[in-house]
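# Survey of secondary and tertiary structure
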Amino acid sequence: PMTSNRAAGYTAANGRDKGNFDPLNQGSEVLGPTAPALAKKADLSPEEKLRELEVEIHRLVEESAISREAGDMNSALDKAKEASKKERQLYRVRDQHGLLEQLNVDLTFAVCLNLAVQFEANGSDNEALTHYTQIVKNKQYPGAGRFRVNMGNVYYRQGKYPGAIRMYRMALDQIPNNVQAHRFKIMRNIGHAFFKMHQFTDAIDSYENLLMHGGEHLDFMTGFHLMLCYYALGDKDKMKSGFLKLLNIQQAGLEDFEDDDADVDILMQSPDVDRPTTSDKLEKNITEGDDALREDVKRRQRDAARFIVNAANLMAPVIEKSPIAGYEWVIEALNTHGFPGIASEMEIAKASHYLRKKDFESAIEVLKSFEKKEPSLMARASTNLSFLYFLEQNFAEAEKFADVAVKADRYNARALVNKGNCLFVNAEFERAKEVYLEAIGVSADCLEAIYNLGLVNMHMGKYTEALLAFDKLHSITHANCEVMWQLGDIHDRLGNEQKAQEWFSLLLTSPKGRPTDPGVLARIANICHKAEDETQAFHYHLESYRYWPVDMNVITWLGIYYVKQEMYEAAIPFFHRAAEIQPDEVKWLLMVASCYRRMGVYHRALKLYEDIHRQHPQEVECLRYLITICKEMGLKYEHYAAELKKLERMQELANPEPQQGMRGQDDDEDSGGATRQASQSQSKPAFAEEIMDPEPAPFEVKAAPQQPKQSTRRLVATGKLDDDEDWGNDELGDDLLPGM
């Protein structure tokens, strides 16, 4: 057959177009000239401009909501204000073009509501109420009445509970009956407001409305507040029934409650001691791979456990005739309703009650019962058992149970502190320091570990490291008296008297300080004495004596001070007080008699010497002073001299070795050996070094006070005295003063 030798659409290419591929002849003149370029679009119509403005407003509202969700409240409010401004501009443009019939009411409603929400989030309650009022009064907005709940929340936050109740009730009227979940939440808010006003009966009525329909809308928060109302009214039977209703609450995610109750013990910690927050600890326990739903279920479980534990602790001591019977009823109810983990925690709470009542045997018996239970419960009880045995100074058992607790959970800071305390009392300071550091590594703000680390460094002589520990502790506690005392003591040991005085003064003047603590006053007095500020030293010693008139060091210092000032009459009451405190010490009455001699009251001095001689016939010093005063008064003294000679002969027979300067030493000790007494009597500091335990009742371990270095400085009594007087040329060492 015949075929064409040219393909369709091809023609012979002329010389001009040779090489150009144009199968459709688009470039030929047959189809006419080339089309002109696109012309620019005309100006936007008013409707198009309005649509673009609406899109911009939508964008601003969405960005405002996103910023609020991200926590940037200021940016969210600024964008909400800008959206409101553009919405008003949109309204004006529609009005100018006569397009008000196209007004987007939903957009206006969204802009106004977002602005009110952002004002509320930023704490601008008055502006928020103004915009909410505009919304609820506008009949064009669908379902605007339900936003009276938001207005009620604002009033509640301001403490205007009657206004909040009124708004909640008005909102309740706007909610249809088929939306029961929202209605019950509003009823719960009304109950909270009545509770805040202490109108517990009205609050109970609101809460009990949630028990309708089998209590399916009752949640743990409402059940707990219902328990609080019963507790406030003192209705024991209602408390029991309310607790059982709390245990019967059915909530999504609680079916496997006991499978994840390992964190319940965190809720049982003592509120008296600052610890890491519960959320911080629980976040560590969320296993990797948990999705958002699983985390939400765990959060619900933790909230439920917290409400149940708090309710149980609240009602247990009061629902029965005795607190122990109340704890037993609560424990039985928890076991019956499927909460054995919380029941075990209540067992520990019962042991803590025994501790508060100083019934240690019963507490140990309760805690030892955990040996038969699962290891995790045994580990929880081991910390308390270790603390109890530590209280009883049974350090071997205390260390044993501390090891059990640490083995079960190496990241238990409380167990590590107990372990370190046992090592501390066994003088294993290096190991104790390592354990305290490990406890701090587990919980950086474990106060007991930091405090005890400072103590162990002090016992090891590492005052600089101890200073760092107590400085860190002070930055956490700010006004803890024991910490400020230790800081002052360390600076005093390091020779920083000025810094030490600052800390001790802060301990007296801080709002939570101890302005009447005699130990602190005595320490400041000693620092002033070392600084040769006798006036301030006398003032603080006198203040210390006023609050604690039995400190022998303070009494001795004040007596010697008045003698130095030749105010013998003022010194006599202090030596009398010393004689009352130590009636077997003769020297205090000898000091009183010597003061009478210096004052020239010889008859009273003689009578006192005679009384001392009758009570202590073997006292050589008294006989010498009797001979001297009889000579001065012109009285017979031969019989005293004979007795003195007899006693001296007996002493020579008892101690045949010659004693050089015996007489001179006796003359120097006119005070009857006050120097000897002062060196034997050391004042006990107001804050003894103590080991802090993580338990509610801290156990104190009294550490032996470090002996102060005695100064070689001598205090010589002023005034010229006779050589044979008992106060003449006495060398009064600093050991007569309180220990530094």
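Residues numbered from 1 in each chain as written. Predicted model: local features only at pLDDT ≥ 70, side-chain atom pairs only at ≥ 80, totals over all residues. Heavy atoms only, no water.

What follows covers the overall build of the chain. Of the regular secondary structure elements, the chain holds 34 helices and two strands. Going through the 740 residues of the chain one by one, you find that 45% of them count as buried. (Helix = DSSP H or I, 4+ residues; strand = E, 2+ residues; numbered from the N terminus. Buried < 20%, exposed > 50% of the residue type's maximum accessible area, 1.4 Å probe, protein only.)

What follows is about a nonpolar patch on the surface. Together, Y547, W548, V550 and I581 make up a nonpolar patch on the protein surface, roughly 340 Å² of accessible area in all. The residue W548 is located in the loop between α26 (534–547) and α27 (552–564) in this model. Using a relative accessible area of 48% as the deciding quantity, one classes W548 as partly exposed. (Patch = residues over 30% accessible without salt bridge, like charges linked within 9 Å, V, L, I, M, F, W, Y side chains within 5 Å. Areas by Shrake-Rupley, 256 points an atom, 1.4 Å probe, with all protein chains shown as cover. Salt bridge = Lys/Arg side-chain N within 4 Å of Asp/Glu carboxyl O.)

Right, let's talk about the nonpolar core for a bit. The biggest cluster of nonpolar side chains holds 89 residues, and the ones touching the most others in it are F470, F575 and Y609. Not counting the four nearest positions on each side in its chain, F470 is found in contact with Y451, G454, L455, M458, V483, Q486, L487 and I490. Core analysis: the second largest hydrophobic core is formed by 73 residues, M187, L218, M227 and F307 among them. (Core = buried A, V, L, I, M, F, W, Y, C linked by side-chain atoms within 4.5 Å. Contact = heavy atoms within 4.5 Å.)

Below, the discussion takes up the packing of aromatic side chains. Considering all chains together, one arrives at 17 aromatic pairs under this definition. Aromatic ring contacts, followed pair by pair, group F538, Y545, W557, Y561, Y562 and F574 into a single cluster. Its guanidinium or amino end placed over the ring of F307, R306 lies 5.1 Å from that ring's centre, counting from NZ or CZ. In this structure, K631 is placed above the aromatic ring of Y637, and the distance from its NZ or CZ to the ring centre is 5.4 Å. (Phe/Tyr/Trp six-rings, centres within 6.5 Å; stacked < 30°, edge-to-face > 60°. Lys NZ or Arg CZ within 6 Å of the ring centre and 35° of its normal.)

Further remarks concern the pattern of salt bridges. Under the criterion given, the structure shown has 33 salt bridges. When the shortest N-O distance is used, the salt bridge between E63 and R59 registers 2.7 Å. Here the residue E63 and the residue R59 both occupy positions in helix α1 (residues 46–69), the gap between them amounting to four residues, near one helical turn. Taking the relative accessible area as the measure of exposure, R59 reaches 35% and is therefore partly exposed. Put simply, E621 and R624 hold a salt bridge, and the shortest N to O gap is 3.4 Å.

With their axes 8 Å apart at the nearest point, helix α5 (residues 148–157) and helix α6 (residues 161–174) run at an angle of 170 degrees to one another. Between α5 and α6, the angle falls in the class roughly antiparallel. Crossing hand, α5 versus α6: left-handed. In this structure, α5 uses R148, V149, M151, G152, N153, Y155 and Y156 to contact α6, whose residues at the interface are Y161, G163, A164, M167, Y168, M170 and A171. The class makeup of the residues in the contact of α5 with α6 is 10 nonpolar, three polar and one charged. (Axes fitted to C-alpha atoms, helices over the stretch in contact; angles between N-to-C directions. Parallel < 35°, antiparallel > 145°, perpendicular 65-115°, else oblique. Left-handed = near helix turned anticlockwise from the far one by under 90°. Nonpolar A, V, L, I, M, F, W, Y, C, P; charged D, E, K, R; others polar.)

Counting all residues, the mean pLDDT for the chain is 78, and 75% of those residues have values of 70 or more. Contacts from residues 259–287, a stretch scored under 50 in pLDDT, to residues over four places away or in other chains number 48 contacts. Counted against residues more than four places away or in other chains, residues 659–740, with its pLDDT under 50, gives 182 contacts. (pLDDT = per-residue confidence, 0-100.)

Before going further, it helps to examine the packing of helix α14 (residues 323–336) against helix α15 (residues 340–356). Geometry of a packed helix pair, given as the angle between the helix axes and the separation of the axes. For the pair α14 and α15, the least separation of the axes is 8 Å and the interaxial angle reads 170 degrees. Accordingly, the angle class assigned to the pair α14 and α15 is roughly antiparallel. Residues P323, I324, Y327, E328, V330, I331, L334 and N335 of α14 form the contact with α15, whose participating residues are P340, I342, A343, M346, E347, A349, K350, H353, Y354 and R356. Within the contact of α14 with α15, the residues separate by chemical class into 12 nonpolar, two polar and four charged.

It is worth spelling out unusual backbone geometry at this point. Positive phi outside glycine occurs at H198, with the angle close to 60 degrees. Residue class for H198 comes out exposed when judged on its relative accessible area of 60%. Unlike most non-glycine residues, Q393 shows phi in positive territory, near 60 degrees. Looking at the secondary structure, you find Q393 in the loop between α17 (375–391) and α18 (395–408).

Turning our eyes to something else, we now look at helix α7 (residues 180–196). Taking 1.5 Å per residue, 17 residues should reach 24 Å; α7 reaches 25 Å between its end C-alpha atoms and fits that length. All of the buried residues in α7 are R183, F184, I186, M187, R188, N189, I190, G191, H192, A193 and F194. A positive backbone phi angle near 60 degrees is found at H198, which sits one or two residues after α7. (Expected span 1.5 Å × (residues − 1).)

Turning next to the side chain of S67. On the secondary structure map, S67 appears in helix α1. Sequence-distant contacts of S67, that is, excluding residues within four places in its chain, are made with D72, S75, A76 and K79.

Let us look at the environment of G71. Mapped onto the fold, G71 is located in the loop between α1 and α2 (73–96). With 50 residues separating them in the primary sequence, G71 and A121 have C-alpha atoms 9.8 Å apart.

As for its placement among the helices and strands, I135 is situated in helix α4 (residues 125–137). Sequence spacing of I135 and F147 is 12 residues, and the spatial spacing of their C-alpha atoms is 8.1 Å. Non-local contacts of I135, meaning those with residues more than four positions away in its chain, are made with F109, C112, L113, Y141, A144 and F147.

Before going further, it helps to spend a moment on helix α25 (residues 518–530). Over its 13 residues, α25 extends 18 Å from the first C-alpha to the last, a length consistent with the 18 Å expected when each residue adds 1.5 Å. Burial within α25 is extensive, with 12 of its 13 residues counted as buried. Every buried residue of α25 is accounted for by P518, G519, V520, L521, A522, R523, I524, A525, N526, I527, C528 and H529. You can read the cap of α25 off the contacts: a side-chain oxygen lies 2.9 Å from the backbone nitrogen of G519, and it is on D517. Following α25 by one or two positions, E532 has its phi on the positive side, about 60 degrees. (Polar contact = N/O pair within 3.5 Å; in protein donor to acceptor, adjacent residues only side chain to side chain.)

Within the secondary structure, F339 sits in the loop between α14 and α15. For the pair F339 and I308, spaced 31 residues apart in the sequence, the C-alpha separation amounts to 9.6 Å.

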